[in-house]
Amino acid sequence: AKGKKLSDGIYEEIRGNNVFLTIDEGLQYIVEKHLDEAMNKWKASSATVIMMEPFTGEILALANRPTYNPNNLEALKNLSVIRNRAITDLYEPGSTFKIITVASALEEKIINTLTKIDCSPGFIEVGGKKIKDVHKNGVLSIGEIIQKSSNVGTIKIAMRLGKERLYEYIKKFGIGEKTGIDLPGEVSGYLKPTNKWSGTSIGAIPIGQEVAVTALQVLRVYSVIANGGYLVKPFIVSEIRSFNGDILYKAIIQRERILSEETANTMREILKKVTQEGGTAPTAKVEGNNVAGKTGTAQKYDPKIKKYSKDKFVSSFIGFIPAEKPRISMIVVIHDPKGSHYGGVVAAPVFKAISDEALAYLNIPRDDVKEKGLIVTINSYDEANRKVVTFR
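Read on for an overview of the structure. (Residues numbered from 1 in each chain as written. Predicted model: local features only at pLDDT ≥ 70, side-chain atom pairs only at ≥ 80, totals over all residues. Heavy atoms only, no water.)

1. A few points about helix H5 (residues 151-161)
Piece 1. Burial of H5 is extensive: 8 of the 11 residues sit out of reach of the surface.
Piece 2. Where H5 is concerned, the buried positions are Asn151, Val152, Gly153, Thr154, Ile155, Ile157, Ala158 and Leu161.
Piece 3. One side-chain oxygen at the N-terminal end of H5 lies 3.4 Å from the backbone nitrogen of Val152; it belongs to Ser150.
Piece 4. Backbone geometry just after H5 places Gly162 at a positive phi near 90 degrees. (Buried < 20%, exposed > 50% of the residue type's maximum accessible area, 1.4 Å probe, protein only. Helix = DSSP H or I, 4+ residues; strand = E, 2+ residues; numbered from the N terminus. Polar contact = N/O pair within 3.5 Å; in protein donor to acceptor, adjacent residues only side chain to side chain.)

Listed below in structure tokens is the structure:
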């Protein structure tokens, strides 16, 4: 590792195998560029972006900050930067977790799109603890509960579902278990069994507290909605070939249906409203394409004071685009931003900036062209015939 010569013995050429990754070089560049800009803007302690093909689980881009030069390990003063934060670092997901609660209740037909939940007090008391909404919201539909990220509404839905069924669905979405990605160092996260839930757990867990996840786990949850109800196994190695071209290994797409297509489609429509006017993330909106996603603003637990910190947050946005026929799902997680901490302010604009360039790079048509039959007119001057020619 330090470049010291081990032997001057006989040299024998060994022709190794070739590893082919799912990573797209162009998308990786776009992700890293905008992640660097976000780190500089928000003076964050760390950040992660993962982009995935939601139907197959192929990792298209993955970047962590801070980073390092693997060709110059001797210069490293802090070896912690070597770890792959996307699969090793745990955090409480906060409001991004709410879609599991709502999707589970929809699947069990405990609620439907016409259901109304009274959130007018602006708070709910669970196990002697008062949990508040940021704003008093009144009576909300299920879609509005996600759009406005109501804690009260989400907890009331969870109480209708019950802790046993809620726990069952959280496990179905892969929380508390490794995704199985073909990278070293992945951790399973933390989800305590129901017999260890406290009196406040039915209020905390549905809104993304008392549970620890990796960024990849949460991205996989949103890909379930994007792909119509399947939990996919992420992978980064597509195939391995010998030096003479023989295929030694080829990745197999693995997925399991955990939600009905009806529930997934309902959740997709709900998540589209988050990026529209009145939602928590209009800053994630991409011109010409529909975006479905959810913000997260989670306070970090401070073990020194044994309660949640008032100045340390995890800001996140997870979504997929184009919403109707997704080509990419993506998570942006930024730790300890300075100046603001809301997911809609810090993380959502990073999602938008990456998506803008990624859609152009992948040559994905705009939704407004496909849906509205928009005709783009380009005028060009024909010098030979001395006239303006119009192309449509």
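2. Focus: the nonpolar core
Piece 1. With 102 residues, the main nonpolar core has Ile50, Met51, Ile175 and Ile331 as its most contacted residues.
Piece 2. Ranked by residues supplied to this core, first place goes to helix H8 (residues 215-226) with 9 residues.
Piece 3. Filtering out sequence-adjacent residues up to four positions away, Ile50 remains in contact with Ile59, Ala61, Leu62, Ala86, Ala215, Leu216, Leu219, Ser329, Met330 and Ile331. (Core = buried A, V, L, I, M, F, W, Y, C linked by side-chain atoms within 4.5 Å. Contact = heavy atoms within 4.5 Å.)

3. Notes on the layout of surface pockets
Piece 1. Of the pockets and cavities examined, the largest pocket occupies roughly 1100 Å³.
Piece 2. Lining the largest pocket are 33 residues; nearest its centre among them are Ser95, Lys132, Val134, Asn151 and Thr297.
Piece 3. Secondary structure elements with two or more residues in the lining of the largest pocket: strand E6 (129-132), strand E12 (292-302), strand E13 (307-321) and helix H10 (343-346).
Piece 4. Counting residues per element, the lining of the largest pocket draws most heavily on E12, which supplies 5 residues.
Piece 5. Tallied by class, the residues present in the lining of the largest pocket amount to 9 nonpolar, 17 polar and 7 charged.
Piece 6. Of the volumes computed, that of the second largest pocket is approximately 360 Å³.
Piece 7. Listing elements by their share of the lining of the second largest pocket, those giving two or more residues are helix H1 (25-42), strand E3 (59-65) and helix H2 (85-88).
Piece 8. Considering each element in turn, the lining of the second largest pocket owes the most residues, 4 residues, to E3.
Piece 9. Here the residues of the lining of the second largest pocket are counted per class, giving 10 nonpolar, 5 polar and 3 charged. (1 Å grid on protein atoms, 1.4 Å probe; cavity = no way out; pocket = protein on both sides within 12 Å on 5 of 7 lines; lining within 4 Å. Points joined across faces, edges and corners; volume = space filled by probe spheres on them. Nonpolar A, V, L, I, M, F, W, Y, C, P; charged D, E, K, R; others polar.)

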